[in-house]
Amino acid sequence: MIRFVMINSRHRSFNFVEYTNTIIGKVENDLNATEVEFYSNKDRTRKANIVINKKEYLIQFTYIITHGTFQLKIDISMVGKNELDLELHDLKIKLKDLVITDWEQCVWLEDRQSEAYADSLYKDIHLVENSLRRLINTVLFYKLGGDWWDLYMPIDLTKKYNQRNDPYKRRAPSFENIHTNLMSIDTGDLVKILGYKTYKIKEGNIFRGSSVGLEDPFTDAIQVQVLTIEEKEKLKQFQYIMNNIIYDETAAAHFQTKLSTLLADQLEIDKDFWNDYFSNWFTCDFRQFQGRWGEFNTDRNHVAHNKLIDIKLYEKFKTSMSQLLGIITDAEEKFSAYLETEMSQFLDELEQMNEANLYQSELDYQSLIEEEAGVRIRQHDSIVEIFQEHIANIFDELKEQFYYRSDLEIVYNEPILINETEVFRVDYLSGHTYLKVLADPFIDDSGGTTSYVKLTTIYNGVDLQKGFKISYLNGEVEYNEDQTNYMPLTNDELNVSELKKLQEFIESFINEHMPEVDEDEIAEYACESCHQFTIFLSDEDDGKYEQGKCLHCGHSNPVGGCIRCGSIVNQPTDGLCDSCQEYIDNQ
């Protein structure tokens, strides 16, 4: 059962019988109905029987006038229950589209088909969620031990889910003695665990010692590192804040921000959950997975909160959930293989750890130079990261803008920026064409040097001669021997204005060369020129595309007409449409 009501006709005069006759006539013509009959006619209620593709549907119109409000209620049902029926979906959308411009409001009251789509999606949702829960538990139990939840997770998570789990366990006493934290965790919090970081006191902290050398009487002599003037000042600030808090506990609220900032500056990352425990098993980076999981969470909430779902959104949900499940399943399989070769992997991790420590030391030294000269000098990875961030933002916006288009397959690959690579691709499924963007980088982290990324657009293998370039000028310093410090020569500068032009170009190109086309608008015979089955075939004069035009090569092809009723036929020559052929066969 599908029910919606139209409120307040925009037309001054309204004839119920004529209006419903017109609507049913258009439905009959647009959906190629074979049988249409009004079997009940009353002053305010009319019932119609309609057959589409040999399936029978019932439509009831009810005209209501109350206190100056005019309403037209439309009920749609199918003879023979099948909520996922495609023709039922087309019928309800067609009726809605035909009447919506004639009324001030359209209120959707009931849609069992949308509910059936949601029921079908629930299983996929639970499968995806539980797969990620299982993977997180498996990896972290192995890497951090059985008490990883209590040892490493922040208090807001452990407190919230401990409170939640207690009543769950009391309701199911058979599971009182098992670990169930992740089984009740919110979907959005699962990805937070993947990207979680813990911190430790860094060696170069303000508490490391005094400004003079001290000798430990019980061990070898140790030269304590000297604090800088700035570090001494921070230590004084810390002592001042703590003196106030010890004297008056209520002062903690006043100094909370300053104290948190000061202490955070003394910390460095200890455990990076994604890089340390999960990145090796995933085929995407954290940003990409976080984006996919965010989309999944949005889709999940849409389904869980009983929002309306049409056939396009249903198919989109099914596809995206299947892809996400594939990524997680692949990660599980890789981690299982890792457990069988633990020793060799362990040696590789030790080598990676040494490289990470060396890289961190270089970063620390670089930070000291930048701080002294007041100039930002980015290393290679940092330059790549800032380019990646701005490129990703633009293509994320493009993906979101065309997310509803089921006839487009859009893929974004974060560029590693080592050599020329494909970063963005739009496949036009209806026309068998594609548009892609190549990124050609030049990265040089030398001081005062300009790095750039050239973005080139390619359509079906042809360079569109639309190049877009973004650049970054690295800072530069020199050492002043007289003053014994580093002095600035060049300030860093980022220019990414061309990305907006690239976004506007792609938007315009898709709208012009890749118009939205339904599957039933494509002819079943091949193009005369390119021999692809991509001929646009529609009898609706909506200005979307020229009838007979090939969506692949642009060639204009002949379109036949019915010799009996004049409607188009799915062939290049004139003949009989299916409806007329059936009529003649029945005579």
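Residues numbered from 1 in each chain as written. Predicted model: local features only at pLDDT ≥ 70, side-chain atom pairs only at ≥ 80, totals over all residues. Heavy atoms only, no water.

### So, the overall build of the chain
Okay, so step 1: Tallying secondary structure elements over the chain gives 15 helices and 16 strands in all.
Okay, so step 2: A total of 587 residues make up the chain; the buried ones form 38% of that total.
Okay, so step 3: Considering only contacts within the chain whose residues lie at least 6 apart along the sequence, 57% involve residues at least 24 apart.
Okay, so step 4: For the chain, the exposed area adds up to about 33700 Å²; of that, 48% sits on carbon and sulfur atoms. (Helix = DSSP H or I, 4+ residues; strand = E, 2+ residues; numbered from the N terminus. Buried < 20%, exposed > 50% of the residue type's maximum accessible area, 1.4 Å probe, protein only. Contact = heavy atoms within 4.5 Å. Areas by Shrake-Rupley, 256 points an atom, 1.4 Å probe, with all protein chains shown as cover.)

### Focus: the nonpolar core
Okay, so step 1: Of all hydrophobic cores here, the largest spans 45 residues; its most connected members are Leu132, Ile136, Leu140, Phe278, Phe289 and Trp293.
Okay, so step 2: Going through the elements one at a time, α3 (112-144), α4 (148-152), α5 (155-171), α6 (187-194), α9 (273-278), α10 (286-304) and α11 (311-340) are the ones with two or more residues in this core.
Okay, so step 3: Beyond its immediate chain neighbours, meaning those up to four positions away, Phe278 contacts Leu135, Ile136, Val139, Leu140, Leu194 and Phe273.
Okay, so step 4: In terms of nonpolar packing, the next biggest core, distinct from the first, is built from 38 residues, Ile391, Ile394, Leu417 and Ile470 among them. (Core = buried A, V, L, I, M, F, W, Y, C linked by side-chain atoms within 4.5 Å.)

### What about the confidence of the model for the chain?
Okay, so step 1: Here the chain shows a mean pLDDT of 83. Residues at 70 or above account for 90%.
Okay, so step 2: Segment residues 210-224: pLDDT under 50, and 16 contacts once partners within four positions in sequence are set aside and those in other chains are kept. (pLDDT = per-residue confidence, 0-100.)

### Observations concerning the pairing of strand β1 (residues 2-9)
Okay, so step 1: Buried residues dominate β1, accounting for seven of its eight residues.
Okay, so step 2: Two strands pair when backbone bridges link them, and β1 and strand β6 (residues 103-111) are joined in this way by seven bridges, in the antiparallel orientation. When the bridges of β6 are listed, Ile2 appears paired with Asp111.
Okay, so step 3: In this sheet, strand β5 (residues 69-78) lies alongside β1 in antiparallel orientation, the contact comprising six bridges. Counterpart to Val5 in the pairing with β5 is Lys73. (Pairing = 2+ DSSP bridges.)

### Thoughts on the pattern of salt bridges
Okay, so step 1: Applying the stated rule across the entire model yields 22 salt bridges.
Okay, so step 2: When the shortest N-O distance is used, the salt bridge between Asp97 and Lys96 registers 2.8 Å.
Okay, so step 3: Overall, the relative accessible area of 41% leaves Asp97 in the partly exposed class.
Okay, so step 4: One salt bridge in this structure joins Asp265 and Lys234, with 2.5 Å as the shortest N-O distance. Here Lys234 lies in helix α7 (residues 229-247) and Asp265 lies in the loop between α8 (251-264) and β8 (267-272), a separation of 31 residues in the sequence.
Okay, so step 5: Since its relative accessible area comes to 22%, Lys234 is described here as partly exposed.
Okay, so step 6: Salt bridges linked by common partners bring Glu422, Arg425, Asp427 and Lys436 together as one network. (Salt bridge = Lys/Arg side-chain N within 4 Å of Asp/Glu carboxyl O.)

### A few points about the packing of aromatic side chains
Okay, so step 1: Under the defined criterion, the tally for this structure stands at 31 aromatic pairs.
Okay, so step 2: Between Trp148 and Trp149, the ring centres sit 5.9 Å apart and the planes meet at 80°, which makes this aromatic pair edge-to-face.
Okay, so step 3: Its relative accessible area of 0% is what places Trp148 among the buried residues.
Okay, so step 4: On the basis of relative accessible area, Trp149 is assigned to the buried category, the value being 1%.
Okay, so step 5: Following the ring pairs from residue to residue traces out a cluster consisting of Phe14, Phe16, Tyr19, Tyr63, Phe70 and Trp103.
Okay, so step 6: The positively charged end of Lys316 is found above the aromatic ring belonging to Tyr403, 5.2 Å away from the centroid.
Okay, so step 7: Directly above the ring of Tyr434 sits Arg425, whose terminal nitrogen or CZ lies 4.2 Å from the centroid. (Phe/Tyr/Trp six-rings, centres within 6.5 Å; stacked < 30°, edge-to-face > 60°. Lys NZ or Arg CZ within 6 Å of the ring centre and 35° of its normal.)

### Details of the sheet that holds strand β2 (residues 35-41)
Okay, so step 1: Pairing is antiparallel in the open sheet, where six strands are placed in the order β2-β3-β4-β5-β1-β6. In the strand order of this sheet, the two ends are held by β2 and β6, each with one partner. Neighbour to neighbour, the strand axes of the sheet diverge by 20° on average, direction disregarded.
Okay, so step 2: One ladder, built from six bridges, connects β2 with strand β3 (residues 45-52); its direction is antiparallel. (Axes fitted to C-alpha atoms, helices over the stretch in contact; angles between N-to-C directions.)

### Structural notes on the side chain of Glu231
Okay, so step 1: Residue placement: Glu231 occurs in helix α7.
Okay, so step 2: Within the structure, the side chain of Glu231 is placed 2.9 Å from the backbone nitrogen of Thr228, a separation counted as a polar contact.
Okay, so step 3: The residues touching Glu231, leaving out its near neighbours within four places in the chain, are Gly204, Ile206, Arg208 and Val226. (Polar contact = N/O pair within 3.5 Å; in protein donor to acceptor, adjacent residues only side chain to side chain.)

### A closer look at the packing of α10 against α11
Okay, so step 1: One way to put it is that α10 packs onto α11 with a least axis distance of 10 Å and a crossing angle of 135°. Our classification of the angle between α10 and α11 gives oblique. Taken as a pair, α10 and α11 cross one another with a handedness that is left-handed. Contacts between α10 and α11 involve Phe289, Arg292, Trp293, Phe296, Asp299, His302 and Val303 from the former and Leu313, Phe317, Ser320, Met321, Gln323, Leu324, Ile327 and Ile328 from the latter.
Okay, so step 2: Classifying every residue of the contact of α10 with α11 by side-chain character gives 10 nonpolar, three polar and two charged. (Parallel < 35°, antiparallel > 145°, perpendicular 65-115°, else oblique. Left-handed = near helix turned anticlockwise from the far one by under 90°. Nonpolar A, V, L, I, M, F, W, Y, C, P; charged D, E, K, R; others polar.)

### Quick word on a negative patch on the surface
Okay, so step 1: Among the surface-exposed residues, Glu35, Glu37, Glu56, Glu524, Asp578, Glu582 and Asp585 lie close enough to one another that they form a single negatively charged patch.
Okay, so step 2: Taken together, the elements giving at least two residues each to the negative patch come down to β2 and α15 (578-586).
Okay, so step 3: Counting residues per element, the negative patch draws most heavily on α15, at three residues.
Okay, so step 4: Take Glu37: it is sitting in strand β2. (Patch = residues over 30% accessible without salt bridge, like charges linked within 9 Å, V, L, I, M, F, W, Y side chains within 5 Å. Lys, Arg positive; Asp, Glu negative; His and termini not counted. Charge placed at Lys NZ, Arg CZ, Asp CG, Glu CD.)

### Examining the side chain of Asp189
Okay, so step 1: Mapping Asp189 onto the fold places it in helix α6.
Okay, so step 2: Assessed through its relative accessible area of 6%, Asp189 is described here as buried.
Okay, so step 3: Look past the residues within four positions of Asp189 in its chain and what remains in contact with it is Leu157, Lys160 and Tyr161.

### Description of the pairing of strand β4 (residues 55-66)
Okay, so step 1: Both β3 and β4 contribute to a ladder of eight bridges, which runs antiparallel. Following the sheet pairing, Arg46 is matched in β4 by Phe61.
Okay, so step 2: Counted along the chain from β3 to the antiparallel partner β4, the turn is two residues long, and its residue Asn53 has a positive phi close to 55°.
Okay, so step 3: The turn joining β4 and β5, which pair antiparallel and follow one another in sequence, is formed by two residues; a positive phi near 50° is taken by His67.

### With respect to the sheet that holds strand β9 (residues 408-412)
Okay, so step 1: With antiparallel pairing, six strands are arranged side by side in an open sheet as β9-β10-β11-β12-β13-β16. Where the open sheet ends on each side, the last strands, each with one partner, are β9 and β16 (493-495). The average angle at which neighbouring strand axes cross in this sheet is 15°, direction not considered.
Okay, so step 2: Inspection of the sheet shows strand β13 (residues 462-473) paired to β16 by three bridges, in the antiparallel sense. Paired with Leu473 across the bridge in β16 is Glu493.
Okay, so step 3: Across the sheet, helix α13 (residues 380-401) touches β9, β10 (421-428), β11 (433-442), β12 (450-459), β13 and β16, and the angle it forms with β9 is around 165°.

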